[in-house]
Amino acid sequence: MQQSKLNSSRRNFLTQAGILAAGSVLPVELLAENTEEKKEPIIDIHQHIHYMGRTDDHLIAHQKAIGATTTILLPAGRPVNSDATHQGLGNGLQAQVGGNAETYLFAMAHRKHFKFGACAVPDAPDAIYDIEKYLKLGAKVIGELKFGVECDSPEMHKIYQLAQAYDVPVLMHWQKDRYFYGLDRFYKILEQYPRVNFIGHAQFWWANVDKGIPQDLPMYPKGIVTPGGLTERYLTDYPNMYGDLSAGSGLNAFKRDEGHGSAFMQKLQDKLLFGSDCWDNDGIVDAKGECTGTPMIATIRALSGSKAAERKILYENAKKLFKL
Ligand SMILES: [Zn+2]
Ligand SMILES: [Zn+2]
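Residues numbered from 1 in each chain as written. Chains lettered and ligands numbered in written order. Predicted model: local features only at pLDDT ≥ 70, side-chain atom pairs only at ≥ 80, totals over all residues.

### Details of the overall build of the chain
Logical step 1: When you go through the chain residue by residue, the secondary structure sums to 13 helices and eight strands.
Logical step 2: When burial is assessed residue by residue, the chain has 45% of its 324 residues classed as buried. (Helix = DSSP H or I, 4+ residues; strand = E, 2+ residues; numbered from the N terminus. Buried ≥ 20, exposed ≤ 12 C-beta atoms within 10 Å, placed from the backbone.)

### Thoughts on the nonpolar core
One broad trend across soluble globular proteins is that nonpolar side chains are buried collectively.
Logical step 1: Core analysis: the biggest nonpolar cluster contains 86 residues, and Leu73, Ile131, Ile142, Val170, Leu273 and Phe274 have the highest contact counts within it.
Logical step 2: The residues touching Ile142, leaving out its near neighbours within four places in the chain, are Gly117, Ala118, Ile131, Ile159, Ala163, Val168 and Val170. (Core = buried A, V, L, I, M, F, W, Y, C linked by C-beta atoms within 7 Å. Contact = placed C-beta atoms within 7 Å.)

### Some details on the sheet that holds strand 3 (residues 114-116)
Adjacent strands of a sheet pair through backbone hydrogen bonds, lying either parallel or antiparallel.
Logical step 1: With parallel pairing, three strands are arranged side by side in an open sheet as 1-2-3. The open sheet has two free edges, formed respectively by strand 1 (43-47) and strand 3, since each of these has just one partner strand. The sheet shows a mean angle of 25° between the axes of neighbouring strands, taken without regard to direction.
Logical step 2: Sheet topology note: the strand 1/strand 2 (residues 70-73) ladder contains three bridges and is parallel. Residue pairing for strand 2: Gln47 is matched across the bridge by Leu73. (Pairing = 2+ DSSP bridges. Axes fitted to C-alpha atoms, helices over the stretch in contact; angles between N-to-C directions.)

### Regarding unusual backbone geometry
Logical step 1: Residues Gly143 and Glu144 are joined by a peptide bond in cis, for which omega reads 10°.
Logical step 2: Turning to its location among the elements, Glu144 is positioned in strand 4 (residues 142-145).
Logical step 3: In this structure, Gln87 takes a positive phi of about 55° despite not being glycine.
Logical step 4: Of note, Gln87 is situated in the loop between strand 2 and helix 4 (100-109).

### Some thoughts on the environment of Asp177
Logical step 1: Of note, Asp177 is situated in the loop between strand 5 (170-173) and helix 7 (187-192).
Logical step 2: Judged by C-beta crowding, with 8 C-beta atoms within 10 Å, Asp177 ranks as exposed.
Logical step 3: Linking Asp177 and Val149, residues 28 residues apart in sequence, is a C-alpha distance of 9.9 Å.

### Considerations on the packing of helix 10 (residues 247-255) against helix 11 (residues 258-267)
Logical step 1: Running from amino to carboxyl end, helix 10 crosses helix 11 at an angle of 110°, the nearest separation of the two axes being 6 Å. Comparing their axes, helix 11 and helix 10 come out roughly perpendicular. Contact residues: Ala253, Phe254 and Lys255 in helix 10; Glu258, Gly261 and Met265 in helix 11.
Logical step 2: Of the residues belonging to the contact of helix 10 with helix 11, the class tally is three nonpolar, one polar and two charged. (Parallel < 35°, antiparallel > 145°, perpendicular 65-115°, else oblique. Nonpolar A, V, L, I, M, F, W, Y, C, P; charged D, E, K, R; others polar.)

### Here's the deal with the packing of helix 10 against helix 12 (residues 293-303)
Working note: a packed helix pair is described by the angle between its axes plus the distance between those axes.
Logical step 1: At a minimum axis distance of 10 Å, the contact between helix 10 and helix 12 shows a crossing angle of 30°. As the angle between them shows, helix 10 and helix 12 are arranged roughly parallel. The two elements helix 10 and helix 12 cross, and the hand of that crossing is left-handed. Where helix 10 approaches helix 12, its residues Gly250, Leu251, Phe254 and Lys255 are matched on the opposing element by Pro295, Met296, Thr299 and Leu303.
Logical step 2: Looking at the contact of helix 10 with helix 12, its residues break down into five nonpolar, two polar and one charged. (Left-handed = near helix turned anticlockwise from the far one by under 90°.)

### So, the sheet that holds strand 5
Logical step 1: With parallel pairing, five strands are arranged side by side in an open sheet as 4-5-6-7-8. The two strands at the open ends of the sheet, each matched to only one other strand, are strand 4 and strand 8 (272-273).
Logical step 2: Alignment of strand 7 (residues 241-244) against strand 8, held across two bridges, turns out to be parallel. Bridging from a neighbouring strand, Gly243 pairs with Leu272 of strand 8.

### What to know about helix 4
Helical geometry: 3.6 residues make up each α-helical turn, so side chains three or four residues apart lie on a common side.
Logical step 1: For helix 4, every residue scored as buried is listed here: Asn100, Thr103, Tyr104, Phe106 and Ala107. Each buried residue of helix 4 lies within a common arc of 165° when the element is viewed along its axis, so the set occupies one face. Exposed and facing more than 90 degrees away from the buried side of helix 4 are Met108 and Ala109.
Logical step 2: Buried-residue contacts for helix 4 involve helix 3 (56-66), strand 2, strand 3 and helix 5 (127-136). (Arc of directions from axis to C-beta.)

Right, here's the structure in full:
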């Protein structure tokens, strides 16, 4: 069935291309291109250029290896020594990540497979100008925002207002006592900006799948999850809240208790987005455990419960949310 479909579409392609004349030689690269289009597409909503010093060639190879057909590259803001970056610690998103201009230029040079976001350090005086410049150039999202500020600070309100004006989502990295404060009152922001879509990411966001979250919270808590945590409540109660499955935090939230992970994934299948956010070169799972993209795709396939839910999380939700 699949083979005959492929054959017939290949025939159509060849006819359209006008190269089905008897005895003609099929250009190999055209055939390869056509076959590649038949792969099930995957949107990776969370990657970076220059991540921990990775080269552009390795980024391209990594995204190909994990099977991402479209990748959203999230820049860091212009380096600033301020409270929001903990006097410089958070520059480059604390991972040598490339900035707006570099990310934009790379995405433009590889526009078939890469899109870009826009970012700035919120307490920098020109933050809003910087973000708006790249929104005007076509940025699909504001992020990655990973800064030591209150989630409802005046600076963040300006960013939310800009997101509303340009109709793009906002992606935030929540890490306890370091990046964004006030997750327990973030519902007020969700209610104040019902037309802005927010994407939750990182350790503290995913630790909160657990209603029984401990006070002395480790970065990657293990063990059985008590349902009904803050993350589940936000994703369930607010149509404008989404979850980013990327990085060790996303993977751990589903691997630590696969029974809960599967129920959570099925229930919230319209609100979850695949992302990789790993800095390895080759997309291979090895002893170092750096690659989270490849195992997260496998986890989605194993726990999502249906092909329809799997496709939503790997592709359709992101296509809709980012208007791809
Ligand atoms: Zn990231
Ligand atoms: Zn990887």
